[in-house]
Amino acid sequence: MVNASLRGVSLPEAERALASVWCRVEEYGVDAPRLRFGFRRDGSVTIRFSFSDPAAAHLVLNGLDARTPKAPAARGHRG
């Protein structure tokens, strides 16, 4: 199991991140991650991704950055 978080991003950044992750899931034909969302009072969002397959997590999350149109900077750990 691989867990990764995208913390404290704006709604537009969160939207780009989710779109990018989903495009990569479809591109590589891997199982979609489980998602959990947290909404903060300041309007920012936290997204937690849980992948059952470490290889899929690497393919989907590798090199993503929330500040670009491509997607999220995933901070994660293997568990």
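Residues numbered from 1 in each chain as written. Predicted model: local features only at pLDDT ≥ 70, side-chain atom pairs only at ≥ 80, totals over all residues. Heavy atoms only, no water.

A. Up close: the nonpolar core. Core analysis: the largest hydrophobic core is formed by 18 residues, its most contacted members being Leu 6, Val 21, Ile 47, Phe 49, Phe 51, Val 60 and Leu 61. Residue assignment for this core shows that the elements contributing at least two residues are strand S1 (2-9), helix H1 (11-28), strand S3 (45-51) and helix H2 (54-61). Beyond its immediate sequence surroundings of up to four residues, Val 60 is in contact with Val 21, Arg 24, Val 25, Val 30 and Phe 51. (Core = buried A, V, L, I, M, F, W, Y, C linked by side-chain atoms within 4.5 Å. Buried < 20%, exposed > 50% of the residue type's maximum accessible area, 1.4 Å probe, protein only. Helix = DSSP H or I, 4+ residues; strand = E, 2+ residues; numbered from the N terminus. Contact = heavy atoms within 4.5 Å.)

B. Quick peek at the environment of Gly 29. Here Gly 29 lies in the loop between H1 and strand S2 (34-39). Here the alpha-carbon distance between Gly 29 and Ala 56, two residues 27 residues apart in the chain, equals 9.0 Å.

C. Here's a closer look at the confidence of the model for the protein. Residues of the protein with pLDDT of at least 70 account for 81%, and the chain-wide mean is 84. S2 holds the highest mean pLDDT among the elements of the protein, 96, whereas strand S4 (residues 75-78) holds the lowest, 50. The model gives residues 68-74 a pLDDT under 50, and that stretch makes 27 contacts with residues more than four places away or in other chains. (pLDDT = per-residue confidence, 0-100.)

D. Broad picture of a positive patch on the surface. A contiguous patch of positive charge on the surface is contributed by Arg 7, Arg 36, Arg 40 and Arg 48. On the secondary structure map, Arg 48 appears in strand S3. In this structure Arg 48 comes out as partly exposed when scored by relative accessible area, which is 39%. (Patch = residues over 30% accessible without salt bridge, like charges linked within 9 Å, V, L, I, M, F, W, Y side chains within 5 Å. Areas by Shrake-Rupley, 256 points an atom, 1.4 Å probe, with all protein chains shown as cover. Salt bridge = Lys/Arg side-chain N within 4 Å of Asp/Glu carboxyl O. Lys, Arg positive; Asp, Glu negative; His and termini not counted. Charge placed at Lys NZ, Arg CZ, Asp CG, Glu CD.)

E. Molecular detail of the packing of H1 against H2. One can describe the packing of H1 onto H2 by two numbers: an axis separation of 9 Å at closest approach and a directional angle of 125 degrees. Viewed along their axes, H1 and H2 adopt a mutual orientation that is oblique. Crossing handedness for the pair H1 and H2: right-handed. Judged by residue contacts, Val 21, Arg 24, Val 25 and Tyr 28 of H1 engage Leu 59, Val 60 and Leu 61 from H2. (Axes fitted to C-alpha atoms, helices over the stretch in contact; angles between N-to-C directions. Parallel < 35°, antiparallel > 145°, perpendicular 65-115°, else oblique. Left-handed = near helix turned anticlockwise from the far one by under 90°.)

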